[in-house]
Amino acid sequence: MSLPMRPTCIIPLICVILMSAPGCTARYAANWTSLDARPLPKWFDEAKIGIFVHWGVFSVPGFGQFSEWFWYWWHSQRRAEEVKFMQKNYPPGFKYADFASEFRAEFFEPDNWADIFKASGARYVVFTSKHHEGFTNWPSAGSWNWNSVDVGPHRDLVGELATAIRKKSLHFGLYHSLYEWYHPLYLLDQASGFKTQNFVAQKTLPELVDLVMSYKPDLIWSDGDWDAPDTYWNSTEFLAWLYNDSPIKDVVVTNDRWGKGCYCKHGGYYNCADRYTPGKLPDHKWEKCQSIDSRSWGYRRDMMLSEIMDLPSIIKDMVYVVALGGNYLLNIGPMSDGMIAPVFEERLRGLGAWLGINGEAIYASKPWRVQTENSTVTVWYTAKNKIVYAIILGWPSKQPLQLTAPKTSGVTQVTLLDYPNVPLKWAPVTPTAGLTIVMPTMPASPGDAWCLKLEGVV
Ligand SMILES: *[C@@H]1O[C@H](CO)[C@@H](O)[C@H](O)[C@H]1NC(C)=O
Ligand SMILES: *[C@@H]1O[C@H](CO)[C@@H](O)[C@H](O)[C@H]1NC(C)=O
Ligand SMILES: *[C@@H]1O[C@H](CO)[C@@H](O)[C@H](O)[C@H]1NC(C)=O
C-alpha cells in the first residue's frame, strides 16, 4: 500500500543546512541503520512510569494463565483448563467470536480510568488497540464486524480513552499486534512461507496508518511480530513514513518488536522479552513491562490475592528499573464491563502516593556512575542535576546506615525526602569515600522504600 506523504523538500541542500525550515524534514531511509539512529523523543526517558492496559474480547471469559491468549489456548493448544472451562460453562458449538457480544463495557468511564492512571504517578498510558485475537477497539474499516463499534460495546474505546488521557496531560500510546492468529489472509501468507504480503497490504499497514492518522498516538508498542521477518511486515517502510511524514513524526516513540530477530536490536527503545530484567546497565534505552497480576496481562476472574504483586514489590521493581536507565510499564487488565478491580486501583494509587513523596528521584533522573550497592538494605542510586539519590528498599535494621559509593565533600548535605528541610547527621567513612547516616525516627511506609537525597557528593 502507499503511505500518505507530506510535501517534502524542494531544494535538498537547504534542507540539510536548515533542517527546521518549513517544509523540510530530516529524511530517514527505510533501513535499520538509518532508523536506529533516530534520537528517541525526550519525553519518554523523562516519563519513567507508564500504565499498560490489556482489554479486549478476551476479558469476557477472563480466565486462566495469560487470559489474553484464551482463544489460542482453547482453539490451537487445546489446553486442558480452557477446554474444561468451555465444556462446563458454555453450550456445544459456542465460538470464541460469540464472546464479543458479551463485551459490553457498560461501566466504562474513561475519565475514571484516566483519574486512576494520573493518580498512579504514571506519565503515559499504553492501551491495546488490537491484541492477537484481531478484535479492534476502534472502528477499523479493515475489521468488519470484529471491532468495538460494530459489536460489543458499540463505542470507540481507543478514541474515548485517548481524549480522557490527554485531558489529564498524560501521553497516550497504543499497543498493536502485527499478527492475528486466525485471520484468513495471515494464514494464507503463512502458508506461502511469508512470500506473499496479502495480510500486510490489506490489514496491518492500513490499520497502523489509520491508528496514526485518527488518534495520533505518542507511542506505538508493536507486538506479535515474531513469526515473520521485518521484510514481511514492511516495518522499515512503515517506520520511515512514521518518522518522516506522519503527523506525529517528532513526538512518536516506538519499541523494538518489528519482526523476527528485531527485539533488543532494532527500533526505538528496547522491550526485549516480556519482563526483561537486565543484570547491569544496558547501553540502550529500555522499558520493562510487568503485570500486577503475576499470571496474566488480561483480567482473570480466577485471580487470587497471593498472585498479585504487593506495593513494596512494585516499588522495588520500579526502582531497580529506573536505576538501570529503564522505564517501568505496569500492567492492569480491566474487566469486560469496564471496571478496574479495586485491588489494582489500590496498588496504582499506592504507587502514586510513594511517587508523590519520592518522585524527584525518579522522573527525568539518569543512572548514576554506581547503580546499586548492598548495605544492611539494598540501595539503588539515581542522579539528577548533580544530586544523587539513594533509594533504600526496607528500613535499615542497624543504625547508622552506611553507604560506600558516594564520595563526600565539605558541602555534603543529606536529607530524607519523606522528612524534608531537616538535614540528617552524617559522617565520612574514610576521607574520600563512603558515609554513615543517622536515620530519623519514622512511621512505617506502605511502600517500604525511602529515598535519601545526597547533595555535594560525587
Ligand atoms: C540505508 O539508507 C541510506 C540512505 O538511502 C543509505 O545511504 C545506506 O547505505 C543504507 N544502509 C543500508 C545498510 O542499507
Ligand atoms: C513493501 O515494501 C516494498 C519495498 O518498498 C514494496 O515493493 C512492497 O510493495 C511493500 N509491500 C506492502 C505490502 O506495502
Ligand atoms: C547485593 O546482594 C544481592 C543478593 O545477595 C546480590 O545478588 C547482588 O549482586 C549484590 N549487589 C552488589 C552490588 O553487591
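Since the structure is predicted, the reported quantities are computational estimates derived from the model, not experimental observations.

Parameters and conventions
Residues numbered from 1 in each chain as written. Chains lettered and ligands numbered in written order. Predicted model: local features only at pLDDT ≥ 70, side-chain atom pairs only at ≥ 80, totals over all residues. Heavy atoms only, no water. Axes fitted to C-alpha atoms, helices over the stretch in contact; angles between N-to-C directions. Helix = DSSP H or I, 4+ residues; strand = E, 2+ residues; numbered from the N terminus. Parallel < 35°, antiparallel > 145°, perpendicular 65-115°, else oblique. Contact = heavy atoms within 4.5 Å. Left-handed = near helix turned anticlockwise from the far one by under 90°. Nonpolar A, V, L, I, M, F, W, Y, C, P; charged D, E, K, R; others polar. Phe/Tyr/Trp six-rings, centres within 6.5 Å; stacked < 30°, edge-to-face > 60°. Buried < 20%, exposed > 50% of the residue type's maximum accessible area, 1.4 Å probe, protein only. Lys NZ or Arg CZ within 6 Å of the ring centre and 35° of its normal. Salt bridge = Lys/Arg side-chain N within 4 Å of Asp/Glu carboxyl O. Domains from an automatic or database assignment. Buried area = accessible area lost by both parts, 1.4 Å probe. Polar contact = N/O pair within 3.5 Å; in protein donor to acceptor, adjacent residues only side chain to side chain. Near = heavy atom within 4 Å. Areas by Shrake-Rupley, 256 points an atom, 1.4 Å probe, with all protein chains shown as cover. Core = buried A, V, L, I, M, F, W, Y, C linked by side-chain atoms within 4.5 Å. Disulfide = S-S within 2.5 Å.

**Considering the packing of helix 4 (residues 70-77) against helix 5 (residues 80-89)**
One can describe the packing of helix 4 onto helix 5 by two numbers: an axis separation of 8 Å at closest approach and a directional angle of 95°. The angle between helix 4 and helix 5 places the two elements in the roughly perpendicular class. Contacts from Phe 70, Trp 73 and Trp 74 of helix 4 reach helix 5 at Glu 82, Val 83, Phe 85 and Met 86.

**Some remarks on the packing of helix 8 (residues 184-191) against helix 9 (residues 198-215)**
Remark: helix 8 packs on helix 9, axes separated minimally by 8 Å, with the N-to-C direction vectors making an angle of 150°. Of the possible angle classes, the one that applies to helix 8 and helix 9 is roughly antiparallel. The two elements helix 8 and helix 9 cross, and the hand of that crossing is left-handed. Contact with helix 8, carried on its side by Leu 185, Tyr 186, Leu 188 and Asp 189, involves Asn 198, Phe 199, Val 200 and Gln 202 of helix 9 and no other residues of that element. Residues belonging to the contact of helix 8 with helix 9 are distributed by class as follows: five nonpolar, two polar and one charged.

**Details of the packing of aromatic side chains**
Two aromatic rings, taken as a pair, are described by how far apart their centres are and by the angle between their planes. In total, this model carries 53 aromatic pairs according to the counting rule given. When the ring of Phe 63 is compared with that of Phe 85, the centres are 4.3 Å apart and the planes differ by 15°; the resulting orientation is stacked. You can see Phe 63 sitting in the loop between strand 1 (49-53) and helix 4 and its partner Phe 85 sitting in helix 5, a full 22 residues away along the chain. Classification of Phe 63 by relative accessible area gives buried; the value is 17%. For the ring pair Phe 70 and Trp 74, a centre distance of 6.3 Å and an interplane angle of 50° mean the geometry is tilted. A residue pair is termed a helical-turn pair when its members lie 3 or 4 positions apart in one helix, as Phe 70 and Trp 74 do in helix 4 at four residues. In this pair, the class of Phe 70 matches that of Trp 74, namely buried. For the cation-ring pair, Arg 38 lies above Tyr 243, with the distance from its terminal atom to the ring centre recorded as 4.0 Å. When the ring centre of Tyr 363 is taken as origin, the NZ or CZ atom of Arg 123, which lies over that ring, is 3.6 Å away.

**Points about the pattern of salt bridges**
Scanning the model with the defined rule gives 24 salt bridges in all. The shortest N-O distance in the salt bridge between Glu 82 and Arg 79 comes to 2.8 Å. A single burial state applies to Glu 82 and to Arg 79, both of which are buried. Its salt-bridge partner being Glu 345, residue Arg 349 comes within 2.8 Å of it at the nearest N-O pair. Separated by four residues within a single helix, Arg 349 and Glu 345 lie in helix 13 (residues 342-358), roughly one turn from each other. One continuous salt-bridge network, built from bridges that share partners, spans Asp 45, Lys 48, Lys 285 and Lys 366.

**Brief notes about the domain arrangement of the protein chain**
Assigned domains of the protein chain: these are domain 1 (14-361) and domain 2 (366-455). On a C-alpha basis, the centres of domain 1 and domain 2 stand 36 Å from each other. Contacts between the two partners involve 17 residues from domain 1, matched on the other side by 18 residues from domain 2. Considering only the side of domain 1, the residues that lose the most area to domain 2 are Ala 323, Glu 360 and Ala 361, jointly responsible for 33% of the buried surface there. Our enumeration of links across domain 1 and domain 2 arrives at two salt bridges. On inspection of domain 1 and its partner domain 2, the count reaches six residue pairs in polar contact (both at pLDDT 80 or more). Among the elements of the structure, helix 12 (311-323) and helix 13 are those that each provide at least two residues to the side of domain 1 that touches domain 2. Top element by residues in the side of domain 1 that touches domain 2 is helix 12. It accounts for eight residues. Looking at side-chain class alone, the side of domain 1 that touches domain 2 contains 12 nonpolar, two polar and three charged residues.

**Re the site of ligand 1**
Taken together, Ala 29, Asn 31 and Thr 33 are the residues near ligand 1. Within the side chain of Asn 31, a nitrogen or oxygen atom sits 2.3 Å from an oxygen atom of ligand 1. In isolation ligand 1 offers 360 Å² of accessible surface; the protein chains occlude 27% of this area.

**Some points on the nonpolar core**
Counting residues in hydrophobic clusters, the biggest one holds 112 residues, and the most contacted among them are Phe 117, Phe 127, Phe 238, Leu 242 and Met 318. Among the elements that line this core, the one with the most residues is helix 12, at nine residues. Both domains that meet at this core, namely domain 1 (14-361) and domain 2 (366-455), each give it at least three residues. With near-sequence residues (within four places) excluded, Met 318 lies in contact with Ile 49, Tyr 328, Leu 351, Trp 354, Leu 355 and Ile 362. In this structure, Trp 368, Tyr 381, Val 388 and Leu 435 belong to the second largest nonpolar core, which totals 22 residues.

**Observations concerning the site of ligand 3**
Taken together, Thr 372, Glu 373 and Asn 374 are the residues near ligand 3. Note that an oxygen atom of ligand 3 is positioned 2.2 Å from one of the side-chain N or O atoms of Asn 374. Taking 370 Å² as the accessible area of ligand 3 by itself, protein coverage stands at 25%.

**Details of the environment of Cys 289**
Locating Cys 289 in the fold gives a position in strand 6 (residues 286-291). Residues Cys 289 and Trp 71 lie 218 residues apart in sequence; the distance between their C-alpha atoms is 23 Å. Among all residues touching Cys 289, those that are not within four sequence positions of it are Phe 52, Trp 221, Asp 274, Arg 275, Trp 297 and Leu 329.

**So, the state of the cysteines**
Scanning the model with the defined rule gives one disulfide in all. One disulfide in the model links Cys 264 with Cys 272; its S-S distance is 1.9 Å. Sign of the S-S torsion, about 95° for the bond between Cys 264 and Cys 272, identifies this disulfide as right-handed. Of the cysteine sulfurs around Cys 289, a residue in no disulfide, the closest is that of Cys 272, at 10 Å.

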